[in-house]
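Chain and residue survey
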Amino acid sequence: MNKIIIKNNFLDKNTFNSIKNTIFDANSTFPWFLQNSKVDKGDGEMQFTHLFFENHVINSDYFKALIPLLKKLKVRALQRMKVNNTIKTNKIRLYRYHVDFDTSKNEAVGKTSLFYLHTTNGPTVFKNGKKVDCVENRMVTFPTDMSHSGSTHTDSPFRGVINFNWF
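Residues numbered from 1 in each chain as written. Predicted model: local features only at pLDDT ≥ 70, side-chain atom pairs only at ≥ 80, totals over all residues. Heavy atoms only, no water.

What follows is about the overall build of the protein. A count of helical and extended segments in the protein gives two helices and 11 strands. Put simply, the protein runs from its N terminus to its C terminus through helices and strands in the order β-α-β-β-β-α-β-β-β-β-β-β-β. The C-alpha atoms of the protein give a radius of gyration of 15 Å, which matches the 15 Å a tight globule of 167 residues would have. In terms of principal-axis extent, the alpha carbons of the protein reach across some 45 × 35 × 30 Å. In the protein, which comprises 167 residues, the share counted as buried stands at 45%. (Helix = DSSP H or I, 4+ residues; strand = E, 2+ residues; numbered from the N terminus. Rg over C-alpha atoms; globule rule 2.2 N^0.38 Å. Buried < 20%, exposed > 50% of the residue type's maximum accessible area, 1.4 Å probe, protein only.)

Written out as C-alpha cells, the structure is:
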C-alpha cells in the first residue's frame, strides 16, 4: 500500500455524533493531557492528547467508545490509538514532517489512519505534496512509513483528530 485512502462520512451520523460528543461535549468529563510538544520534545508546539491504547495495553476508560471505528477499519492488531486536540491559532503553519513509527529496522509496515472530529482549515500534508483537508467524519489511511504533517488552523476552536496505528 503506497497510497492515501480517503473515506468521507466514514461512520453513520449517530455513531459519529456519539464518539464526538463523548470526547468534546461541553459537559463531558473526558480527560485531556497537556503536551508541550507535538512532534519532537522541545518543539514548542502545544496540544492536548488522550492515549487510548499503546504497548498492547488499553490506557483509557473511553476505549470502548471507539470500537465502531476499529471494526469499520477492520483492525487486526493495534499499535497505538490516541486523540490529538489543538486550539485555533492566528495563522496556518505546518508542523514538522514525521512518521508515526520508524520501520527502518526491517519491521512490517502497518497503517496509519486519521479520523477527523471537526472541519477546519488545518489540513494534513504529505511530504510527497498531497494534501488532505480536515473534514469531520473523514477517515484517511496511509502506510505508517509515509511522511506527513498536521497543521495549525484558524477557523474553528478545536481540531480533534483520532490517530490510529495498526495492522
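Sheet architecture is open: three strands sit in the order S8-S7-S10, paired in antiparallel fashion. The open sheet has two edge strands with one neighbour each: strand S8 (131-134) and strand S10 (148-149). Sheet analysis places strand S7 (residues 120-126) next to S8, joined by three bridges and oriented antiparallel. Of the residues in S8, the one forming a bridge with Thr-124 is Val-132. (Pairing = 2+ DSSP bridges.)

Next up on the list: the pattern of salt bridges. Following the criterion strictly, the structure yields one salt bridge and no others. With its nearest N and O atoms 2.9 Å apart, the salt bridge here joins Lys-20 to Glu-136. Within this pair, whereas Lys-20 is found in helix H1 (residues 13-24), its partner Glu-136 is found in the loop between S8 and strand S9 (139-143), the two being separated by 116 residues in sequence. Since its relative accessible area comes to 18%, Lys-20 is described here as buried. (Salt bridge = Lys/Arg side-chain N within 4 Å of Asp/Glu carboxyl O.)

Right, let's get into H1. Taking 1.5 Å as the rise per residue, H1 with 12 residues should run 16 Å; its terminal C-alpha atoms sit 16 Å apart, in good agreement. For H1, the complete set of buried residues consists of Phe-16, Ile-19, Lys-20, Ile-23 and Phe-24. In an axial view of H1, the angular spread of the buried residues amounts to 105°, which keeps them on one side of the axis. Near the N-terminus of H1, the side chain that reaches the backbone nitrogen of Asn-14, with its oxygen 3.2 Å away, is that of Asp-12. (Expected span 1.5 Å × (residues − 1). Arc of directions from axis to C-beta. Polar contact = N/O pair within 3.5 Å; in protein donor to acceptor, adjacent residues only side chain to side chain.)

Summarising burial for strand S5 (residues 78-87): eight of the 10 residues are buried, a large majority. With six bridges connecting them, strand S3 (residues 47-54) and S5 associate as antiparallel partners. Looking at S5, one finds that Thr-49 is bridged to Asn-84. With nine bridges joining them, S5 and strand S11 (residues 158-166) adopt antiparallel strand pairing. If you follow Val-83 over to S11, its bridge partner there is Ile-162.

This next bit is on the environment of Val-161. Looking at where Val-161 falls in the secondary structure, it is placed in strand S11. Each C-alpha atom, one on Val-161 and one on Arg-138, is 9.9 Å from the other, the two residues being 23 residues apart in sequence. Contacts of Val-161, omitting those with residues within four sequence positions, involve Lys-82, Val-83, Asn-84, Leu-114, Phe-115 and Tyr-116. (Contact = heavy atoms within 4.5 Å.)

By the definition in use, this model includes nine aromatic pairs. Considering the side-chain rings of Phe-16 and Phe-115, the 5.9 Å spacing of their centres and the 70° angle between planes classify their relative orientation as edge-to-face. Separated by 99 residues along the polypeptide, Phe-16 in helix H1 and Phe-115 in strand S6 (residues 111-116) bring together distant segments of the chain. Pairing Phe-30 with Trp-32 gives two aromatic rings, centres 5.1 Å apart and planes at 65°, and the pair type is edge-to-face. Linked through ring pairs, Phe-24, Phe-30, Trp-32, Phe-52, Tyr-62 and Phe-158 together constitute an aromatic cluster. In this structure, Lys-72 is placed above the aromatic ring of Phe-10, and the distance from its NZ or CZ to the ring centre is 5.0 Å. (Phe/Tyr/Trp six-rings, centres within 6.5 Å; stacked < 30°, edge-to-face > 60°. Lys NZ or Arg CZ within 6 Å of the ring centre and 35° of its normal.)

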